[in-house]
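Residue strings, one per chain:
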Amino acid sequence: MRTAASPVTVFGPDFPFAYDDWLAHPGGLGALPAEAHGQEVAIVGAGMAGLVAAYELMKLGLKPVVYEASRMGGRLRSQSFAGAPGIVAELGGMRFPASSTAFFHYVNLLGLKSQPFPNPLTPAAGSTVIDLEGQTHYARTLADLPSLFHEVATAWAHALEADARFSDMQQALRERNVPRLKELWNTLVPLWDDRTFYDFVAQSDAFAKLSFHHREVFGQVGFGTGGWDSDFPNSMLEILRVVLTGCDENQHLIEGGVQQVPMGLWSHAPGQLAHWPQGTSLASLHQGAPRPGVTAIARGADQQLAITDTWGTTRHYPAVLVTCQSWLMTTQIAVEESLFSQKLWMALDRTRYMQSSKTFVMVDRPFWKDIDPDTGKEVMSMTLTDRLTRGTYLFDNGPGRPGVVCLSYAWMGDALKMLPHTSERRVQLALAALKKIYPKVDIASHIIGEPITVSWEADPYFLGAFKGALPGHYRYNHRMYGHFMQDALPAAERGIFIAGDDVSWTPAWVEGAVQTSLNAVWGILHQFGGRTHADQPGPGDLYAELGPVALPD
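Once a new chain begins, its residue numbering starts again from 1 and follows that chain's sequence as written. For a predicted model such as this one, the threshold for reporting local features is a pLDDT of at least 70, and the threshold for listing and counting side-chain atom pairs is 80 or more; totals across whole chains, interfaces and linings nevertheless cover every residue. Values shown for side chains rest on all heavy atoms present in the structure; no hydrogens or waters enter the calculation.

1. Considering the environment of D231
Threshold: Strands are runs of DSSP state E lasting at least 2 residues, helices are runs of H or I lasting at least 4, and numbering of each runs from the N terminus. Contacts are residue-level and defined by heavy atoms, with any inter-residue pair within 4.5 Å sufficient. What qualifies as a polar contact is a pair of N or O atoms within 3.5 Å, subject to a donor-acceptor requirement within protein and to the restriction that residues adjacent in sequence count only when both atoms come from side chains.
Along the chain, D231 turns up in the loop between α9 (212–221) and α10 (236–244). Along the chain, D231 and G219 lie 12 residues apart, while their C-alpha atoms are 8.7 Å from each other. Those residues in contact with D231 that sit more than four places away from it in its chain are F197, I239, M354 and W411. Looking at D231, its side chain comes within polar contact range of the side chain of N234, at 2.8 Å.

Next comes the structure, spelled out in structure tokens:
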């Protein structure tokens with residue numbers, strides 16, 4: 001029974017379906033008729049969405065055929081430093097809120113461990129330094145910061161409460177009170193669809209009473225995960241979902257690297273599965289490796305979906321799940337135009353991706369814990385700044401092991417400043433910026449091995465880090481998210497499904513990838529004549545009742 005004291009989870013608000021309960025059903029997600037067992041389904045992309053779907057479809061008795069053009073794991077990319085196994089740079093997703101219950105279902109299934117992420121002003125960070133306009137503030141909690149920061153935090157909380165009835169909505173979410181949650185959220189959607197995050201902040205009574213500098217500080221350092229200004233042009237609905245569902249708090253890292261989750265699903269042999277013999281895994285079904293990348297998807301003469309790979313081999317499938325970022329369906333994959341409606345193509349093409357850059361170095365030890373004899377404080381802290389680095393994170397891997405410093409984590413314009421530079425130059429720029437904050441600390445003397453860096457917008461298989469929905473994009477998101485409900489589609493558009501965090505209502509969070517993947521599993525189960533269990537309906541069984549509010553075109 002859910003109560004007002006229950007934890008916050010990513011339960012809606014657009015589609016309040018309990019994915020965690022569906023996953024926990026002892027009989028699995030449903031059952032297929034025997035004649036469907038062993039039939040092949042193509043999965044385009046071996047990231048979290050693709051491998052969750054492949055894993056669950058395998059358990060149902062289908063044969064997933066996974067295609068991957070780049071690295072397995074997608075944007076859950078953990079790269080080990082050379083010569084230091086287990087010491088990783090998290091190049092994509094690196095912090096996972098406890099509210100991501102469907103994602104943590106798989107973390108727990110694989111027996112992986114997590115620990116609190118060293119976000120600013122959290123115990124895991126130890127200490128935080130906020131450096132703005134040349135002034136540096138050291139803090140362990142918000143209480144240690146000057147009144148300006150308290151005023152900003154209070155204004156943000158008051159704005160959410162006054163304009164969004166935040167407490168009422170979050171209580172309904174905690175209790176999983178679907179009628180109340182839908183009443184509150186669905187009323188807000190048409191009012192806020194055209195509203196930017198910055199407009200919400202600037203026009204709220206709470207911030208209007210304060211100075212421009214307060215909004216500037218909020219944009220630069222924010223609260224929870226750090227600065228918000230890169231998101232200022234985005235839809236306020238998208239930001240509200242993040243804070244409402246607890247995605248910006250109580251975050252964890254996966255010990256040893258989050259790429260273990262998708263790779264674990266690839267190699268894990270489920271204890272309960274239909275059709276296949278015990279010990280079957282995705283890896284064993286694929287002889288150890290996925291098929292190469294996909295270059296074309298078309299409707300074949302047999303009315304099945306024809307998938308052509310990098311080497312020109314074409315195979316036909318009754319169903320295909322595409323989990324890559326939507327822009328790749330026009331830049332990397334020749335997708336037959338008639339497979340999607342023009343309305344859906346508009347939504348896929350208008351998806352807007354945010355740039356993201358990270359630069360990591362391995363260091364000989366967690367030197368930042370050294371105490372400065374002059375101040376009695378740590379010599380270096382988790383750092384938020386308006387300088388080039390923006391966010392600097394410190395990772396202690398335990399006694400006798402190297403540490404890792406994420407010198408710079410930047411988005412949008414700040415990420416583009418890094419785009420043309422080599423990894424060495426990126427490190428030099430970051431060190432120069434941090435030297436102005438920590439003049440007595442020789443970070444470079446602790447660096448060992450080679451730096452690791454990424455610019456997701458430069459990768460031809462991603463073209464950006466994650467979706468950032470703009471005002472007016474609600475209808476586009478609705479089209480993409482609800483595409484797994486295919487009974488009303490023309491026959492020419494059925495059988496091809498889409499999933500991934502950019503299809504979800506919570507882009508940039510892996511929970512969105514998992515939830516849309518599970519939607520697609522239901523869609524494919526339904527296409528093959530399967531059913532969910534009577535006592536645990538799936539997302540498609542409840543979509544007409546719980547689905548997102550529709551706005552008129």
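2. Thoughts on the pattern of salt bridges
Using the following cut-off: The working definition used for a salt bridge is a side-chain nitrogen of Lys or Arg within 4 Å of a carboxyl oxygen of Asp or Glu.
If you walk through the whole model with that rule in mind, you get 25 salt bridges. Put simply, R176 and D20 hold a salt bridge, and the shortest N to O gap is 2.8 Å. Note that R176 is positioned in the loop between α5 (166–175) and α6 (178–192) and D20 in helix α1 (residues 19–24), a separation of 156 residues in sequence. It is possible to trace a salt-bridge network through shared partners that takes in D193, K343, R475, R479 and D553.

3. Details of helix α17 (residues 474–481)
Stated formally: The rule is simple: take the accessible area with a 1.4 Å probe, protein chains only, and divide by the maximum for that residue type; under 20% is buried, over 50% is exposed, in between is partly exposed.
The element α17 is extensively covered by neighbouring structure, given that six of its eight residues are classed as buried. Those residues of α17 that sit buried are Y474, Y476, N477, H478, M480 and Y481.

4. Section: the nonpolar core
Stated precisely, the cut-off is as follows: Definition used in this section: a nonpolar core is a set of buried Ala, Val, Leu, Ile, Met, Phe, Trp, Tyr and Cys residues joined via side-chain atoms within 4.5 Å.
Of all hydrophobic cores here, the largest spans 134 residues; its most connected members are M48, F103, Y106, W156 and L240. For this core, the element with the highest residue contribution is helix α2 (residues 48–60), accounting for nine residues. Ignoring sequence-local partners within four residues, the contact set of Y106 consists of L23, M48, V52, Y55, E56, V261, L265, V514 and L518.

5. Let's talk about the packing of aromatic side chains
Threshold: When the centres of two rings from Phe, Tyr and Trp lie within 6.5 Å, Trp using its six-membered ring, the rings pair. Their planes under 30 degrees apart give stacked, over 60 give edge-to-face, and anything left gives tilted.
Under the counting rule described, the total for this entry stands at 34 aromatic pairs. An angle of 65° between the planes, with centres 5.6 Å apart, marks the rings of F117 and F395 as edge-to-face. Within this pair, whereas F117 is found in the loop between β6 (114–116) and β7 (128–132), its partner F395 is found in strand β18 (residues 391–395), the two being separated by 278 residues in sequence. As far as the burial class goes, F117 and F395 line up, both buried. Ring centres 4.7 Å apart and planes at 90° place the aromatic pair W327 and Y353 in the edge-to-face group. Taken as a pair, W327 in the loop between β13 (320–322) and α13 (328–331) and Y353 in strand β15 (residues 353–354) lie far apart in primary sequence, 26 residues in all. We classify Y353 as buried; its relative accessible area is 3%. Cluster of aromatic residues (ring-pair linked, three or more members): F15, F17, Y19, W22, Y474, Y481, F484, W505, W522 and Y543.

6. Details of the sheet that holds β7
Across a sheet, paired strands are connected by hydrogen bonds in the backbone, their directions being either parallel or antiparallel. Note the cut-off: At least two DSSP bridges between two strands are required for those strands to pair. Note on definitions: angles span 0 to 180 degrees between N-to-C directions of axes, and those axes are lines fitted to C-alpha atoms, for helices only across the stretch in contact.
With respect to topology, seven strands assemble into an open sheet ordered β8-β7-β17-β18-β19-β16-β20, the strand pairing being mixed. Strands with a single pairing partner mark the edges of an open sheet, and in this sheet they are β8 (135–139) and β20 (447–455). When strand polarity is set aside, the average angle formed by the axes of neighbouring strands in this sheet is 15°. In this sheet, β18 lies alongside strand β17 (residues 382–385) in antiparallel orientation, the contact comprising two bridges. Bridged to L384 within β18 is G391. Most of the contacts of helix α16 (residues 423–437) go to β20, to which it runs at about 105°, and overall it touches β7, β8, β16 (356–363), β17, β18, β19 (403–411) and β20.

7. Comments concerning the pairing of strand β1 (residues 40–44)
Definition in use: By convention, orient the strands away from the viewer: a clockwise path from the first strand over the helix to the second makes the crossover right-handed.
Counted residue by residue, β1 has four buried out of five residues, so it is predominantly covered. For the handedness criterion, the β-α-β arrangement of β1, α2 and strand β2 (residues 63–67) is classed as right-handed. The sheet contact formed by β1 and β13 spans three bridges and is parallel. Bridge pairing in β13 places I43 opposite L321.

8. Quick word on unusual backbone geometry
Cis geometry marks the peptide bond from G12 to P13, where omega comes out at 10°. Along the polypeptide, P13 turns up in the segment before α1. Phi is positive for E133, close to 50°, though the residue is something other than glycine. Positioned with a positive phi, Q303 is a non-glycine residue whose angle comes to about 70°.

9. Comments concerning the sheet that holds strand β22 (residues 496–498)
Taken in spatial order, the four strands make up an open sheet running β2-β1-β13-β22, and their pairing is parallel. Each edge of the open sheet is held by one strand with a lone partner, namely β2 and β22. When strand polarity is set aside, the average angle formed by the axes of neighbouring strands in this sheet is 20°. Here helix α18 (residues 510–527) sits on the sheet and contacts β1, β13 and β22; the angle it forms with β22, its principal contact strand, is near 165°.

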